[in-house]
Amino acid sequence: MPPSRAVGPTPRAELPYDELQVMGLRLLDIPRHELADHVAQAARRQARMLVVNANAHCMVLAQRAPWLRDLFDRADIAFCDGAGVQLAALFLIGRRPHRTTPPEWIGPVLQDLGADARIFWLGGEQSVAEEGARAFEVRYGVQTAGIRNGFFDAIPGSTDSEDIIRQITAARPNLLLVNMGMPRQERWLYDNWDRLPPTVAITAGALVDHAAGRVRRPPRWVANMGVEWLVRLCREPKRLWRRYLIGLPIFGYHVLRWRFHLGRRSTSCPTES
């Protein structure tokens, strides 16, 4: 079995946005509509672009996963996906980055591209992914380049992963929506990104469920108030209780740890005479 691979050597796009370091992760402070524009332009050019997002759960995982921090360093666009990350950034570095999620901006991207969008859906249940693909074809006029459910052996070099790489290479999509949940989707891209054809790969999480109408987003004002997590917890308590009821306090602990670390580092600097 071949060893795990890092993201390939292709240099990332240099975009004109502030790069923020939040709890060890590199994030771009990029507005939602401009993110959508960059993704649409890259897809239309059949360019190679890696788009990842960070929420509180991701921040916690990154504390013990150097490969995840490396993925964010190498991504073309790494954006804030959660009010918790916004508040942590404000508390730690005095900046409140723009916040968005893939379901909020994928619609404008596909409206812009129309039939020029060739989507490969990777992840989710097969029937749900097929339903989501059909819904997007009807809604936006896009093409479906391929569909593969997320129930496969994701170990590098496994028969399943090799077969999926061959499928994606043959399909040559200009959008690859990876809906495998965090951190499985990030790890699969980290291991295989350098072997994929030019495409815009997006860690899309539950986007496939949104596309299929299985999950509905709350109004945007709910997310802007920072309580979308509570709505999600009420809707899916069995699946999400551990992430929020245990994960959020752990996230708070790491925020305070970083605050203490930054404060100690600043006070240790010599003052000018």
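Structure: see above.
Predicted model only: the values in this text are computed from it and were never measured.

Criteria and thresholds
- Sequence order sets the numbering: in each chain, residues are counted from 1 along the sequence as written.
- Per-residue local features of the predicted model are confined to residues with pLDDT of at least 70, and side-chain atom pairs are confined, for both listing and counting, to 80 or more; whole-chain, interface and lining totals are unaffected and use all residues.
- Based on all heavy atoms of the structure, the side-chain values leave hydrogens and waters out of the count.
- Runs of H or I in DSSP of at least four residues are treated as helices and runs of E of at least two as strands, each being numbered from the N terminus.
- Under the scheme applied here, a residue whose accessible area is under 20% of the maximum for its type counts as buried, over 50% as exposed, and between as partly exposed, the area being computed with a 1.4 Å probe on protein chains only.
- Two residues qualify as a contact provided that any one of their heavy atoms is within 4.5 Å of a heavy atom in the partner residue.
- Here, Shrake-Rupley sampling with a 1.4 Å probe gives the accessible areas, and only protein chains in the shown set may cover a residue.
- One bridge is not enough; two strands pair if DSSP finds at least two bridges between them.
- An axis is simply a line fitted to the C-alpha atoms; with a helix, the fit covers only the stretch in contact. Between two such axes, the angle follows the N-to-C directions and lies from 0 to 180 degrees.
- Among buried residues, those of type Ala, Val, Leu, Ile, Met, Phe, Trp, Tyr and Cys that are joined through side-chain atoms within 4.5 Å constitute a nonpolar core.
- Definition of a polar contact: a pair of N or O atoms within 3.5 Å, with one able to donate and the other able to accept a hydrogen when the atoms are protein atoms, and with sequence-neighbouring residues admitted only if both atoms are side-chain atoms.
- The span expected for a helix works out to 1.5 Å for each residue beyond the first.
- The aromatic pairing rule takes the rings of Phe, Tyr and Trp, using the six-membered ring of Trp, and pairs them if the centres are within 6.5 Å, calling planes under 30 degrees apart stacked, those over 60 edge-to-face and the rest tilted.
- Sitting over a ring, as applied to charges here, requires NZ of Lys or CZ of Arg to be within 6 Å of the ring centre and within 35 degrees of the ring normal.
- By salt bridge we mean one thing: a side-chain nitrogen of Lys or Arg within 4 Å of a carboxyl oxygen of Asp or Glu.

Peer 1: Even after reading the chapter, I still don't get the overall build of the chain, so can you show me in this structure?
Peer 2: Within the chain, the secondary structure is distributed over 12 helices and eight strands. When each of the 273 residues of the chain is scored for burial, the buried share is 49%. Sequence-distant contacts in the chain: of pairs separated by 6 or more residues, those separated by 24 or more amount to 72%. Surface exposure of the chain reaches about 13,100 Å², of which carbon and sulfur atoms provide 55%.

Peer 1: How should I be thinking about the sheet that holds strand 3 (residues 49-54) in this particular structure?
Peer 2: What links the strands of a sheet is backbone hydrogen bonding, and the strands pair in either a parallel or an antiparallel sense. Taken together, the six strands give an open sheet; going across it, the order is 4-3-8-7-5-6, and neighbouring strands pair in parallel fashion. For this open sheet the edge positions go to strand 4 (77-80) and strand 6 (143-148), each flanked by a neighbour on one side alone. Between one strand axis and the next, the sheet turns by 15 degrees as a mean value, whatever way the strands run.

Peer 1: How should the nonpolar core be read in this particular structure?
Peer 2: If you look at soluble globular proteins, the nonpolar side chains tend to sit buried side by side. Met59, Phe72, Leu122 and Trp188 are the most contacted members of the largest nonpolar core, which totals 43 residues. Not counting residues up to four positions away in its chain, the partners in contact with Leu122 are Arg148, Asn149, Phe152, Ile164, Leu176, Leu177, Val178, Asn179, Met180 and Trp188. Listed in part, the 38 residues of the second largest apolar core include Ala42, Val51, Val142 and Ala211.

Peer 1: Just checking my understanding: could you explain the pairing of strand 1 (residues 19-22) for this structure?
Peer 2: On strand 1, burial follows the alternation: Leu20 and Val22 on one face are buried, whereas Glu19 and Gln21 on the facing-out side are not. In this sheet, strand 2 (residues 25-28) lies alongside strand 1 in antiparallel orientation, the contact comprising four bridges. Across the sheet, Leu20 pairs through a bridge with Leu27, a residue of strand 2. Here strand 1 hands over to strand 2 after two residues, with Met23 in that stretch at a positive phi of 55 degrees.

Peer 1: Is there a simple way to explain the side chain of Ser158 in this structure?
Peer 2: Along the chain, Ser158 turns up in the loop between strand 6 and helix 7 (159-171). Overall, the relative accessible area of 6% leaves Ser158 in the buried class. A polar contact of 3.1 Å, which involves the side chain of Ser158, links it to the backbone nitrogen of Ser161.

Peer 1: Before we go on, may I ask you to explain helix 5 (residues 102-113) in this structure?
Peer 2: Residues that lie three or four places apart on an α-helix share one face, since the helix turns once every 3.6 residues. Counted at 1.5 Å a residue, the expected span for helix 5 with its 12 residues is 16 Å, and the 16 Å between its end C-alpha atoms agrees. Within helix 5, the full set of buried residues consists of Pro102, Glu104, Trp105, Ile106, Gly107, Val109, Leu110 and Leu113. Immediately beyond the C-terminal end of helix 5, within one or two residues, lies Gly114, with a positive phi of roughly 55 degrees.

Peer 1: Even after reading the chapter, I still don't get the packing of aromatic side chains, so can you show me in this structure?
Peer 2: One pass over the full model with this rule turns up four aromatic pairs. On the numbers, 5.2 Å between centres and 90 degrees between planes, the contact of Phe136 with Tyr140 is edge-to-face. With a gap of four residues between them, Phe136 and Tyr140 both fall in helix 6 (residues 126-140), about one helical turn apart. Each member of the pair, Phe136 as well as Tyr140, is classed as buried. Each residue in the set Trp121, Phe136 and Tyr140 is aromatic and connected to the rest through ring pairs, giving one cluster. Positioned over the ring face of Trp193 is Arg48, at 4.9 Å from the centre of the ring. Over the ring of Trp67 we find Arg187; its NZ or CZ atom is 4.9 Å from the centre of that ring.

Peer 1: In this structure, what is going on with unusual backbone geometry? I would like to understand it.
Peer 2: One can expect most non-glycine residues to show negative phi and most peptide bonds to be in trans. Look at the link from Met182 to Pro183: it is a cis peptide, with omega at 10 degrees. With respect to the helices, strands and loops of the structure, Pro183 is situated in the loop between strand 7 (175-178) and helix 8 (184-192). A positive phi is found at Gln46, a non-glycine position, where the angle reads about 55 degrees. Structurally, the position occupied by Gln46 is in the loop between helix 1 (32-44) and strand 3. The buried category is assigned to Gln46, whose relative accessible area is 18%. You will see that Arg172, though not glycine, has its phi angle at about 45 degrees, which is positive. You can see Arg172 is positioned in the loop between helix 7 and strand 7. On the accessibility criterion, Arg172 (40% relative accessible area) is partly exposed.

Peer 1: When you look at the pattern of salt bridges in this model, what are you seeing that I'm missing?
Peer 2: Side chains that differ in charge, positive against negative, can pair when their charged atoms come close. Applying the stated rule across the entire model yields 13 salt bridges. Where Arg44 meets Asp112, a salt bridge forms, and the shortest distance between an N and an O atom there is 3.3 Å. One end of the pair, Arg44, is in helix 1; the other, Asp112, is in helix 5, with 68 residues separating them in the sequence. Glu104 is paired through a salt bridge with Arg99; the nearest N and O atoms lie 3.3 Å apart. Neither Glu104 nor Arg99 differs from the other in exposure class; each is buried.

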